[in-house]
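Observations on the model geometry
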Amino acid sequence: DAGITQSPRHKVTETGTPVTLRCHQTENHRYMYWYRQDPGHGLRLIHYSYGVKDTDKGEVSDGYSVSRSKTEDFLLTLESATSSQTSVYFCAISEVAGVGDTQYFGPGTRLTVL
Amino acid sequence: SQKIEQNSEALNIQEGKTATLTCNYTNYSPAYLQWYRQDPGRGPVFLLLIRENEKEKRKERLKVTFDTTLKQSLFHITASQPADSATYLCALAPQTGANNLFFGTGTRLTVIP
């Protein structure tokens, strides 16, 4: 998985609680992404980062926030988890953006919100 | 609205045959298109990238075509093997907007021995 780890790998939580997922890379890649994967929807981009402290919204950013204080770490926070946020979350990294961009994915975090 | 559709949710094929997977898109102008493989419980793994001005790309037993007139990409696996069984995802990068990728829902390929 290209030097990318995600923690935790599995989490069960209650509606209304805050949740933070962590993505850690050892590749020193500039770009980092958070996706969610749901049946019938495929992978959808939540937020991405193009450098330390530089982040932007993706297609499905409502209810999520991110932070990147170091090159190697990208955190995804659900401020108040809802059942609709039950999903598998993938972190990805890439060295460049645009044509030639190849994204490398982490192993995923399965989140269940009860 | 923008859509990326992969021909079928599941495809079964006999070992040794060529598997052909389809990715159709509407209301996108992709700068390039990528194909990924995903095994159960794991993250997607990059396979091939093809640019808008390229018609065909090959890598070992894999071949991708890209027809911007038909708004379609075909992904072929020749001499398929049971180890090729996985879900295959296509992903588009639009002309405008940085490096966002938009993914199809995938086709689950099963190669039967």
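Residues numbered from 1 in each chain as written. Chains lettered and ligands numbered in written order. Predicted model: local features only at pLDDT ≥ 70, side-chain atom pairs only at ≥ 80, totals over all residues. Heavy atoms only, no water.

Notes on the environment of Cys91(A)
All names here are of chain A. Applied cut-off: Helix and strand labels come from DSSP, where a helix needs a run of H or I of at least four residues and a strand needs a run of E of at least two; each type is numbered from the N terminus. In this scheme, a residue with accessible area under 20% of its type's maximum is buried, one over 50% is exposed, and one in between is partly exposed, where area comes from a 1.4 Å probe on protein chains only. Working rule for contacts: check all heavy atoms of both residues, and any pair within 4.5 Å makes them a contact.
Within the secondary structure, Cys 91 sits in strand 9 (residues 87–94). Residue Cys 91 is classed as buried on the basis of its relative accessible area of 0%. Sequence separation between Cys 91 and Leu 45 is 46 residues, and the spatial gap between their C-alpha atoms is 9.7 Å. Filtering out sequence-adjacent residues up to four positions away, Cys 91 remains in contact with Ile 4, Gln 6, Cys 23, Met 32, Tyr 33, Trp 34, Tyr 104, Phe 105 and Gly 106.

Brief notes about the side chain of Gln38(B)
Note the threshold: Here a polar contact means two N or O atoms within 3.5 Å. Within protein one must be a hydrogen donor candidate and the other an acceptor candidate, and residues neighboring in sequence count only if both atoms are side-chain atoms.
Positionally, Gln38(B) belongs in strand 4 (residues 30–38). Among the residues examined, Gln38(B) registers a relative accessible area of 8% and is labelled buried. Looking at Gln38(B), its side chain comes within polar contact range of the side chain of Gln37(A), at 2.9 Å. Separated by 2.9 Å, the side chain of Gln38(B) and the backbone oxygen of Arg42(B) make a polar contact. When near neighbours in sequence (up to four residues on either side) are disregarded, Gln38(B) contacts Gln37(A), Phe90(A), Gly43(B), Pro44(B), Ala86(B), Thr87(B) and Leu89(B).

Comments concerning the interface of chain B and chain A
The test is simple: As a working definition, buried area equals the accessible area (1.4 Å probe) given up by two parts on being put together, with both sides summed. In what follows, salt bridge is the name for a side-chain nitrogen of Lys or Arg lying within 4 Å of a carboxyl oxygen of Asp or Glu. Each residue is assigned to one class: nonpolar for Ala, Val, Leu, Ile, Met, Phe, Trp, Tyr, Cys and Pro, charged for Asp, Glu, Lys and Arg, and polar for all the others, Gly among them.
Contacts between the two partners involve 21 residues from chain B and, on the opposite side, 24 residues from chain A. In total, about 1,700 Å² of surface goes out of reach between chain B and chain A, with carbon and sulfur atoms giving 54% of it. Between the two partners, chain B and chain A, sit zero salt bridges. The interface formed by chain B and chain A contains two residue pairs in polar contact (both at pLDDT 80 or more). Sorting the residues of the side of chain B that touches chain A by element identifies strand 4, strand 5 (45–51) and strand 10 (102–103) of chain B as the ones contributing at least two each. In terms of residues, the side of chain B that touches chain A owes the most to one element, strand 4 of chain B, which gives five residues. Its residues placed into classes, the side of chain B that touches chain A shows 11 nonpolar, eight polar and two charged.

Function cannot be inferred from these measures alone, as they are strictly geometric.
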